[in-house]
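Structural characterization, general
One-letter residues, chain by chain:
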Amino acid sequence: MAPRTAARNRERLRRLAVVFKFELRVKIVVELYSRPMSPKGFFEQFGGPSIERVAQHFALLEEHGWLRRVGYKNRDTKRRGPPENLYRATDAVFFDAETSASLPYSARLAWSWGVFSTISHLLRQGIEAAASDGRPSQPLTCIQLEFDEVGWMRAIEKLATSFEAIFDEHEDAKIRCASSGDALIRTGILQVGFETPRAENPLVLDLADGSSPSMSLTERMAPLLADDLSMQILHELNQTDMSVKQFHREVAFDDASEGAVRYRFDLLKNLAWIAVVDEVRKRAAYEKIYRATRPDMTLNGPWSGVSDALTETEVWQEFVHLSELVKKAMAAGTFDIRSDRHFSWSIVMLDHEGSEKVAASLERLAATLSEEEERSKTRIAAGAKPVTMAVGLTAIESPPVPYRAP
């Protein structure tokens, strides 16, 4: 990796660590990326420890460039006090392909599984809400396509272009509603394209079984992203089992003391990023041997306790099919092994026209990817190596989830 690219990735990871340090900060940035809000407005809609603490998080996020002031809202005429400052997020909380590739594989895997589990809960809520209201559910597309490398790259480009266009439609919907007075609907849009395992694919990495810490995934990620030595340790323990002394002797940065290395090993173990897999006798003492961990994917989560009526719907069956493909790819190590896979969950505000346009664009995207598969088949027949991509696409109404303070 070029020095400038590596430096840019480190800066991006450290900026993300500021947001990830508290789950409330993630909630603030996610919600304010789709519309402006004041600390008071956020607290009234989503809650928090107190309005003062929410305001402090707003101030810190502004200091680090995650929020910017975009205007103000006048207080009710019956109440005294200055107007409320309105803020917008300057960036979305996500790992782009380049930054994601700089993460240790086990951290990419944990992030993908954590995000997919969260999205799955939201999708189930949306599917159940549509079923209970008697509304037709938005279709969920789940297809498997065979590409060569050229077709794969073109498919990923089309997914990325579609992701960017979603936010254009978000802006257009706001303009239309400003004139018409129509209500905006909070909508979640899933786009995912990843490699599924083939019979000839071996297991990519042998990772230890991870535990399930009580803290959120983002709060586990923050100390890792903020510290180069912790990242170096986790990178190495994805490749081989090591003790503290061995890592310090063979791998650690020149200026890292054994005490500093041991502190990071203990921190990563407490955060469930690494686990003890063996102990070996060295002279008069034993050394613990550590390995990077995989996330626990045995939990049923949103797939359990589903009513018979819901399991019979086409959209739920497609959701379960996609979920099984994701879990199988993660277990085999193919979901995150490529840095050019696509995985996005976009929260946008759309009017009725915008919802119809997004739904139509996702249908066109699925058709375009199928056409790209046909072109790939010709090259595969001529000797190009095939690779299978699973694609999931849907847009569904996503009611706001209140923040639950610990």
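Residues numbered from 1 in each chain as written. Predicted model: local features only at pLDDT ≥ 70, side-chain atom pairs only at ≥ 80, totals over all residues. Heavy atoms only, no water.

Focus on the sheet that holds strand 6 (residues 274–282)
Strand pairing in a sheet is mediated by backbone hydrogen bonds. Such pairs are either parallel or antiparallel. Read from one edge to the other, the open sheet built from 3 strands follows the order 5-7-6, with strand pairing classed as mixed. The open sheet terminates on both sides in strands that have one partner only, identified here as strand 5 (208–209) and strand 6. Relative to strand 7 (residues 285–294), strand 5 runs parallel, the two being bridged by 2 bridges. Paired with Ala208 across the two strands is Thr293, which belongs to strand 7. Most of the contacts of helix 11 (residues 258–270) go to strand 6, to which it runs at about 135 degrees, and overall it touches strand 6 and strand 7. (Pairing = 2+ DSSP bridges. Helix = DSSP H or I, 4+ residues; strand = E, 2+ residues; numbered from the N terminus. Contact = heavy atoms within 4.5 Å. Axes fitted to C-alpha atoms, helices over the stretch in contact; angles between N-to-C directions.)

Some points on the pairing of strand 7
Pairing of strand 6 with strand 7, which is carried by 8 bridges, proceeds in the antiparallel orientation. In the strand pairing of strand 7, Val276 is matched with Tyr290. Hairpin connection from strand 6 to strand 7: 2 residues lie between these consecutive antiparallel strands, with Arg283 at a positive phi of about 60 degrees.

Concerning the packing of helix 9 (residues 228–239) against helix 11
Contact geometry for helix 9 and helix 11: axes closest at 10 Å, N-to-C directions at 70 degrees. With respect to helix 11, the element helix 9 is oriented roughly perpendicular. Note that helix 9 runs across helix 11; the crossing there is right-handed. Together, Leu229, Ser230, Ile233 and Leu237 of helix 9 and Ala260, Val261, Arg264, Phe265 and Leu268 of helix 11 make up the contact between the two elements. Counted by class, the contact of helix 9 with helix 11 contains 7 nonpolar, 1 polar and 1 charged residues. (Parallel < 35°, antiparallel > 145°, perpendicular 65-115°, else oblique. Left-handed = near helix turned anticlockwise from the far one by under 90°. Nonpolar A, V, L, I, M, F, W, Y, C, P; charged D, E, K, R; others polar.)

A few points about the nonpolar core
Of all hydrophobic cores here, the largest spans 79 residues; its most connected members are Phe20 and Trp273. Among the elements that make up this core, the one with the highest residue count is helix 6 (residues 105–133) (10 residues). Beyond its immediate stretch of four places on either side in the chain, Trp273 contacts Ser106, Ala107, Ala110, Leu217, Arg220, Met221, Leu224, Leu234, Leu268, Arg291, Ala292 and Thr293. Formed by 22 residues, the second largest nonpolar core is a distinct cluster that contains Leu145, Phe147, Leu369 and Val391. (Core = buried A, V, L, I, M, F, W, Y, C linked by side-chain atoms within 4.5 Å. Buried < 20%, exposed > 50% of the residue type's maximum accessible area, 1.4 Å probe, protein only.)

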